[in-house]
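Observations on chain architecture
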Amino acid sequence: MPLEKAGQLHPSWQAVIGEEFDKPYMQALRAFLKQEKADGKTIFPPSPLIFNAFNHTHFDKVRVIIVGQDPYHGQDKGQPQAHGLSFSVPQGVALPPSLMNIYKEIEADLGVKMSRKGDLTPWANQGVLLINATLTVEMANAGSHQKRGWEAFTDAAITALNKHREGLVFVLWGSYAQKKGEMIDPKKHLVLKSPHPSPLSAHRGFFGNHQFSKINDYLSKHGQAPIEWQL
């Protein structure tokens, strides 16, 4: 697993959270992942993609942060759904239910038509950090890598963004992501919260939250280009 040093991260992230790799919790996480692999377990996303979100969206380019919970733990036609970007799936993989609901809300909010492509890399390239609170998972075992150390790592990333940047938009869907809100200063940043887009909770307030237009309005008011959400 690519956790040997901070070198797997883009230099912009190394500068602010690279020291996390030397801390005891990361050493324990590294040992855990190594043992999981030795036990023959399949871990998602594939090793080279664990830090995909950080390497697509450099620290100084982040404008919006969408926090997910865990990577997808399934496959589609033998291809992993997870590729290191929260809610996103690789080209050719069928849309998961949560992502379908995200697209429905975008269409209703912005009046655009979304494609059936689930690769959100174009968002990441515009400054949308698509980060899960936990960066790995065992195949077919949802939540299996929670409380193993990843939360401390992603807390460090969000803390660094909160401290060193201003005028960011943090998007927290569901109670798990909303725990990250405790370390965000709402006077410096916009914090948007709603139920998770999962079919289990989307009808409790995710649909109709109009957060995609709210994000773009906020960016425009702060002299930034809006995100092109349509794919």
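The notes below deal with the structure included here. (Residues numbered from 1 in each chain as written. Predicted model: local features only at pLDDT ≥ 70, side-chain atom pairs only at ≥ 80, totals over all residues. Heavy atoms only, no water.)

Turning our eyes to something else, we now look at the layout of surface pockets. Approximately 350 Å³ is the volume attributed to the largest pocket. Surrounding the largest pocket, 20 residues form its lining, Gln 69, Asp 70, Pro 71, Tyr 72 and His 196 being those nearest its centre. (1 Å grid on protein atoms, 1.4 Å probe; cavity = no way out; pocket = protein on both sides within 12 Å on 5 of 7 lines; lining within 4 Å. Points joined across faces, edges and corners; volume = space filled by probe spheres on them.)

Counted under the stated rule, the structure contains 15 aromatic pairs. Taken together, a centroid distance of 5.8 Å and an interplanar angle of 55° make the contact between Phe 21 and Phe 51 tilted. Note that Phe 21 is positioned in the loop between α1 (11-17) and α2 (24-38) and Phe 51 in the loop between β1 (43-44) and α3 (52-56), a separation of 30 residues in sequence. Look at Phe 21 and you get buried, because its relative accessible area is 3%. Taken together, the ring pairs in this structure connect Trp 13, Phe 21, Phe 51, Phe 54, Phe 59, Trp 150 and Phe 153 into an aromatic cluster. (Phe/Tyr/Trp six-rings, centres within 6.5 Å; stacked < 30°, edge-to-face > 60°. Helix = DSSP H or I, 4+ residues; strand = E, 2+ residues; numbered from the N terminus. Buried < 20%, exposed > 50% of the residue type's maximum accessible area, 1.4 Å probe, protein only.)

Here Phe 44 and Pro 45 are connected by a cis peptide whose omega angle stands at -5°. Inspection of the secondary structure puts Pro 45 in the loop between β1 and α3. Positive phi, normally seen in glycine, also occurs at Phe 87, with a value near 70°. Note that Phe 87 resides in the loop between β4 (79-80) and α4 (97-110). Phi angles above zero are rare outside glycine, and Lys 147 is one such case at about 60°.

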